Amino acid sequence: MKRTLSAALAAQTLLLSLLAVSCGDTDTAKTPVTDNTPDGTSAVTEAVTEDILGYLPETDMNGWQFDVLGHEDHLSGNHTFHATEQTGEIINDEIFERTRRIEERYNMVYNVIAEDAANNWYAVRDRLEQTTAAGEDLYDLVIFYTYAMQSAIITGGYFYNMLEVPHINFENPWWHTEINDAYTHFDYLPCVLSDYSVNSYQYANLLAFNKTVAANNDITNLYDLVRDHKWTMDSFLEIIKSVNSDSNGDGKMDVNDTWGYATNFGYHALTWAYAIGEMGVTLTDNGVELGYRSEKFATLSEWLYDLLFTSKLAFEIGWDLPCDISWDENRVLIQAIWLNDLEKFREYESAYGLLPYPMYDETQDKYYTYDDCRHATFGIPLTSPAENIEKTGLLLEALSADSYHNLIPKYLDSVVTFKLSRDEDSLEMLDYIMDGRVYDIGYAMPDSGRYSWIISEQLKNSKGTLTSTIERFTKIATKHYEKLLESYKTMSEMEW
């Protein structure tokens, strides 16, 4: 993003103050939105409603219905970008109000079709395969999880080139250029990510620390370690070792004891590779570049194997499951989470703080993390007629811009607010986290050997030495991604 998240929140507050002064109590200046705060009390927040869309053409769509196909399952779904009614919950109501503003401005109807993916994660892909083969124009926009579509995003030939869509300006800060750049090859971009959905933030990997456990162990400098560029693998390890304790004295470490670190040993463990600046797969117009071959990665592999399996300093959290040690038991210092997990943390009594994943060492340029590809990605079906593509481009730009100014500041504010108190330090930490998000096309569009997943799926069997495993998986991965580039080139040669 082009400005920090804390700055965005501050700018929104300043703008509201200026609007209040210049416009008095007129409805055009601001729109109160009532929400229920975590303790059940009522608060009033403000929606920025100055003409933030004035740079776009004034358009009357004459009641045109904007049909959006969305993925729906138990982990996430259409509620991250669509609300059918006001409920008093601040994020839901802001999404509802955003839709109303856009509908009124452009005289159109916003219609979301939920594709039930509870029992078939690939339901949206299957639907697109059917409609593309039949040449049917049923949807104007498709919102899907990249991992639920995988390589079919390119090889299926489902999507229009987003680089050719009118009204979209990727220079604007509401577009997530990191993923858009990663998915652009031979001047073809099948799908994009923006602030249109809070889901674009929810699956960032980060660490939450329990402030009660930290205080009980005289740990007071976690935020300063990050600021001073000293939050590294070494300092992390030293801190969690100081907390691990056989609480019940039975001679073994298990669910009844106190842990410095709790994590899923799969997708959260994989984040460590990205945190030190490694990338599984990089595609360029010149070919395939496979990562994980540096001395730094070899060191990380040995370090992580010892952390998870030998010294057993980490408590394992099940796949897509909550931690078996409740946060309010105050027996875990640091827990690996996605940002959207904080929606549950607000229900706890024990306060939390946020941290990025540590760096490899103090010479690393910045903090990095991975944005899991369960986030919502947007694509326009290839079967859409030109006049609908232009309308969709206008609406997607407008929805993204409105969200940047209204929805996202409220969402980020909500995740760092605990018991009515906003944690300014954690808000600052979100700047580091969001600024360091990376996207791996190898994770989102895996080969049969799942090269990018090596450090989580092959670490235990390799006993921390992954060199031979990497070499064994190289041929499969290279062949897969060379074919993917060929499909990119085929799509780029179409007339747009």
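Here, the structure is the one placed above.
Keep in mind that what you see is a predicted model, and the values were worked out from it rather than measured. (Residues numbered from 1 in each chain as written. Predicted model: local features only at pLDDT ≥ 70, side-chain atom pairs only at ≥ 80, totals over all residues. Heavy atoms only, no water.)

Visitor: Just give me the short version of the overall build of the protein chain, but keep the residues and values in it.
Guide: The secondary structure content of the protein chain amounts to 19 helices and 17 strands. Considering the protein chain as a whole, with its 496 residues, one finds that 57% of them fall into the buried category. Sequence-distant contacts in the protein chain: of pairs separated by 6 or more residues, those separated by 24 or more amount to 78%. Summed over all atoms, the accessible surface of the protein chain reaches about 19900 Å², with 47% contributed by carbon and sulfur. (Helix = DSSP H or I, 4+ residues; strand = E, 2+ residues; numbered from the N terminus. Buried < 20%, exposed > 50% of the residue type's maximum accessible area, 1.4 Å probe, protein only. Contact = heavy atoms within 4.5 Å. Areas by Shrake-Rupley, 256 points an atom, 1.4 Å probe, with all protein chains shown as cover.)

Visitor: Tell me about the sheet that holds strand β14 (residues 376-379), residues and numbers included.
Guide: Remark on secondary structure: sheet strands pair via backbone hydrogen bonds, oriented parallel or antiparallel. Across the sheet, which stays open at both edges, the four strands sit in the order β4-β3-β5-β14 with mixed pairing between neighbours. The open sheet has two edge strands with one neighbour each: β4 (108-116) and β14. Here the average twist between neighbouring strands, direction ignored, is 25 degrees. Relative to β14, strand β5 (residues 141-145) is paired through four bridges, and the arrangement is antiparallel. Directly across from Phe144, in β14, lies its bridge partner Thr377. (Pairing = 2+ DSSP bridges. Axes fitted to C-alpha atoms, helices over the stretch in contact; angles between N-to-C directions.)

Visitor: A description of the packing of aromatic side chains should follow, citing residues and the corresponding values.
Guide: For the coordinates displayed, the defined rule picks out 37 aromatic pairs. With a centroid separation of 5.4 Å and 70 degrees between ring planes, the pair formed by Phe345 and Tyr348 is classed as edge-to-face. Judged by relative accessible area, Phe345 falls into the buried class, the value being 5%. (Phe/Tyr/Trp six-rings, centres within 6.5 Å; stacked < 30°, edge-to-face > 60°.)

Visitor: Explain the environment of Ile113 to me, using residue names and the numbers behind them.
Guide: By the element assignment, Ile113 lies in strand β4. Excluding residues that lie within four positions of it along the chain, Ile113 makes contacts with Asp67, Val68, Leu69, Gly70 and Tyr139.

Visitor: Could you give an account of the sheet that holds strand β11 (residues 332-338), with specific residues and numbers?
Guide: Strand order across the open sheet formed by five strands is β10-β7-β11-β6-β12, with mixed pairing between neighbours. Strands with a single pairing partner mark the edges of an open sheet, and in this sheet they are β10 (314-317) and β12 (352-355). Going across the sheet, the axis of each strand differs from the next one's by a mean of 30 degrees, ignoring polarity. Inspection of the sheet shows strand β7 (residues 259-264) paired to β11 by three bridges, in the parallel sense. The residue bridging Ala262 from the neighbouring strand is Gln335, located in β11.

Visitor: Lay out the pairing of β11 in plain terms, naming residues and giving numbers.
Guide: Most of β11 is tucked away, with seven of its seven residues classed as buried. Relative to β11, strand β6 (residues 205-210) runs antiparallel, the two sharing five bridges. Of the residues in β11, the one forming a bridge with Phe209 is Ile334.

Visitor: An account of helix α19 (residues 467-492) is needed here, citing residue identities and associated values.
Guide: For α19, built from 26 residues, the straight-helix expectation of 38 Å at 1.5 Å per residue is met to within 8% by its first-to-last C-alpha distance of 36 Å. The largest bend in α19 is about 40 degrees, located at Thr474. Within the span of α19, buried status applies to Thr469, Ile470, Phe473, Thr474, Ala477, Tyr481, Leu484, Leu485, Ser487, Tyr488 and Met491. (Expected span 1.5 Å × (residues − 1). Bend = angle between axes of the 7 residues up to and from the residue.)

Visitor: Describe in detail the nonpolar core, supporting the description with residues and values.
Guide: Counting residues in each nonpolar core, the largest one holds 126 residues, and the members touching the most others are Tyr106, Tyr196, Trp231, Phe236, Tyr261 and Leu307. Once residues within four sequence positions are removed from consideration, Tyr106 is found in contact with Leu53, Leu56, Pro57, Thr59, Asp60, Met61, Asn62, Leu394, Leu395 and Ala398. Ile91, Val198, Ile433 and Met434 belong to the second-largest nonpolar core, a separate cluster that totals 27 residues. (Core = buried A, V, L, I, M, F, W, Y, C linked by side-chain atoms within 4.5 Å.)

Visitor: How would you explain the pattern of salt bridges if you had to name every residue and give the values?
Guide: Evaluation of the coordinates by the stated rule reveals 19 salt bridges. A salt bridge links Lys366 to Asp435; the shortest N-O distance between them is 3.2 Å. Remark: Asp435 occurs in helix α15 (residues 424-435) and Lys366 occurs in the loop between β12 and β13 (369-370); sequence separation between them is 69 residues. Bridged by salt links that share partners, the residues Glu94, Arg101, Asp402 and Lys410 form one connected network. (Salt bridge = Lys/Arg side-chain N within 4 Å of Asp/Glu carboxyl O.)

Visitor: Pulling in residues and values, what's your account of unusual backbone geometry?
Guide: Of note in the backbone geometry, Asp218 takes a positive phi value of approximately 55 degrees without being a glycine. Of note, Asp218 is situated in the loop between α8 (211-216) and α9 (222-227). Taking relative accessible area as the criterion, Asp218 reaches 67% and is therefore assigned exposed. The phi torsion at Arg450 lies on the positive side, around 55 degrees, for a residue other than glycine. You can see Arg450 is positioned in the loop between α16 (441-444) and α17 (454-457).

Distances and angles like these do not, on their own, reveal function.
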